[in-house]
Amino acid sequence: MIRVTDLKKIYRMGLVEVAALKGVSFNIEKGEFVGIMGPSGSGKSTLLHQLGLLDTPSSGRIFIDDIEVTRLDDEARTRFRLMHLGYVFQDYALVSELNVKENVAIPAITQGRILSECYVAATEMLEKVGLGNRLDHLVYELSGGEQQRVSIARALVNKPAIVFADEPCANLDTENSRTILELFRSVNRDLGQTIVMVSHELWHQEYFDRIIFIQDGLLEKERI
Ligand code: ADP
Ligand code: ADP
């Protein structure tokens with residue numbers, strides 16, 4: 001489903017260069033729930049940004065479903081991302097002026113679906129994440145854990161083939177983190193979606209089918 005070969009990312013700030021990814025290669029199979037783990041600053045978020053098409057690598061190739069996404073132009077990349085990928089951010093990134101249902105409907109509306117259909121899809125997803133009774137609430141009325149479930153519903157509303165999540169539990173306590181991890185696991189099992197999640201919490205490992213360890217811009221196995 002995802003094939004990555006010799007991926008490198010160098011951030012350039014004036015004369016200073018930071019090599020965040022130094023040449024990583026791996027595959028992720030359809031339906032896997034994969035954790036990307038490693039210490040802070042090792043390149044996890046950078047890797048997820050490249051896979052999620054939020055940024056473009058300095059070199060190397062990424063294939064998603066046999067399409068070489070690293071060859072797409074900006075417009076095609078954005079279209080591909082909206083159609084096939086969902087993204088969950090550490091800080092939820094919800095729109096505070098909109099209510100819960102409207103937030104979740106955004107990706108569906110962006111795809112040009114009929115508005116009433118978008119709200120039906122949003123309501124269904126919110127029921128799936130256990131927030132069917134909070135549709136008309138504003139974002140700030142919800143707890144952190146609930147806000148993260150809203151952002152997961154938003155990432156899922158277009159039924160993307162792959163969901164990326166960047167430290168989605170970083171701001172949550174253990175109980176809320178477990179709820180989020182169990183939610184991802186049930187989505188992965190019920191809907192068959194491929195899920196790629198960044199985490200540095202060792203106890204999250206038990207939820208993942210497989211773990212990709214990264215350290216200092218390289219996969220652990222590539223360091224040996
Ligand atoms: P992690 O997610 O594992 O904490 P990151 O991918 O955020 O690691 O960062 C990897 C390295 O790249 C770090 O040295 C970080 O400071 C650097 N970095 C990340 N994003 C940027 C950026 N936008 N500009 C410059 N350097 C960056
Ligand atoms: P983390 O992985 O530590 O949670 P992120 O990698 O998500 O943090 O970084 C948050 C934002 O800060 C991103 O937009 C990233 O590109 C930027 N960033 C991270 N490290 C640096 C850095 N050293 N210099 C400039 N921007 C950075």
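Residues numbered from 1 in each chain as written. Chains lettered and ligands numbered in written order. Predicted model: local features only at pLDDT ≥ 70, side-chain atom pairs only at ≥ 80, totals over all residues. Heavy atoms only, no water.

Caption draft 1: Representation of the overall build of the chain within the structure. Scanning the chain from terminus to terminus reveals seven helices and 10 strands. For the chain, the C-alpha radius of gyration of 17 Å lies close to 17 Å, the compact-globule estimate for 224 residues. Considering only C-alpha atoms, the chain reaches an extent of 50 × 40 × 35 Å along its principal axes. Here the chain holds 224 residues, and 48% of them are scored as buried. Summed over its atoms, the accessible surface of the chain is roughly 10,900 Å², and 48% of this surface lies on carbon and sulfur atoms. The positive charge centre, built from 25 side chains, and the negative charge centre, built from 32, are 5 Å apart in the chain. (Helix = DSSP H or I, 4+ residues; strand = E, 2+ residues; numbered from the N terminus. Rg over C-alpha atoms; globule rule 2.2 N^0.38 Å. Buried < 20%, exposed > 50% of the residue type's maximum accessible area, 1.4 Å probe, protein only. Areas by Shrake-Rupley, 256 points an atom, 1.4 Å probe, with all protein chains shown as cover. Lys, Arg positive; Asp, Glu negative; His and termini not counted. Charge placed at Lys NZ, Arg CZ, Asp CG, Glu CD.)

Caption draft 2: Representation of the nonpolar core. One finds Val104, Leu126, Val150, Phe184 and Met197 to be the most contacted residues of the largest nonpolar core, which totals 38 residues. Elements with a contribution of two residues or more to this core: β3 (33–37), α3 (100–110), α4 (115–128), α5 (144–156), β7 (162–166), α6 (174–190) and β8 (194–199). Beyond its immediate sequence surroundings of up to four residues, Val150 is in contact with Leu94, Val100, Asn103, Val104, Leu126, Leu131 and Leu142. (Core = buried A, V, L, I, M, F, W, Y, C linked by side-chain atoms within 4.5 Å. Contact = heavy atoms within 4.5 Å.)

Caption draft 3: View of the sheet that holds β8. The mixed open sheet is built from six strands, whose spatial order is β6-β7-β8-β3-β9-β10. In this open sheet, the two strands that pair with only one neighbour each are β6 (85–88) and β10 (218–219). Bridging between β3 and β8 involves five bridges; their strand directions are parallel. By the bridge assignment for β8, Val34 is matched with Val196. (Pairing = 2+ DSSP bridges.)

Caption draft 4: Representation of the sheet that holds strand β1 (residues 2–13) within the structure. Taken in spatial order, the four strands line up as β2-β1-β4-β5 in an open sheet, and their pairing is antiparallel. Across the chains shown, the open sheet's two edge strands, defined by having one partner strand only, are β2 (16–28) and β5 (67–68). In this structure, strand β4 (residues 59–64) lies alongside β5, joined through two bridges in antiparallel fashion. The residue of β5 that forms the bridge with Ile64 is Ile67.

Caption draft 5: Quick look at the packing of aromatic side chains. Scanning the model with the defined rule gives four aromatic pairs in all. For the pair Tyr87 and Phe89, a centre-to-centre distance of 4.8 Å together with 35° between the ring planes defines the contact as tilted. Judged by relative accessible area, which is 30%, Phe89 ranks as partly exposed. Look at Tyr87 and Phe164: their rings are 6.1 Å apart centre to centre, the planes differ by 35°, and that puts the pair in the tilted class. Here Tyr87 is found in strand β6, whereas its partner Phe164 is found in strand β7, with 77 residues between them in sequence. As far as burial versus exposure is concerned, Tyr87 and Phe164 are alike and both buried. (Phe/Tyr/Trp six-rings, centres within 6.5 Å; stacked < 30°, edge-to-face > 60°.)

Caption draft 6: Representation of the site of ligand 1. Around ligand 1 sit Tyr11, Met13, Val18, Ala20, Pro39, Ser40, Gly41, Ser42, Gly43, Lys44, Ser45 and Thr46, and that is every residue in its neighbourhood. One of the side-chain N or O atoms of Tyr11 is found 3.4 Å from a nitrogen atom in ligand 1. In this structure, an oxygen atom belonging to ligand 1 sits 2.8 Å away from a main-chain N or O atom of Ser45. Its free accessible area being 550 Å², ligand 1 has 62% of it covered by the protein chains. Counting residues per element, the ones that place at least two in the shell around ligand 1 are β1, β2 and α1 (44–51). No other element matches the three residues that α1 contributes to the shell around ligand 1. (Near = heavy atom within 4 Å. Polar contact = N/O pair within 3.5 Å; in protein donor to acceptor, adjacent residues only side chain to side chain.)

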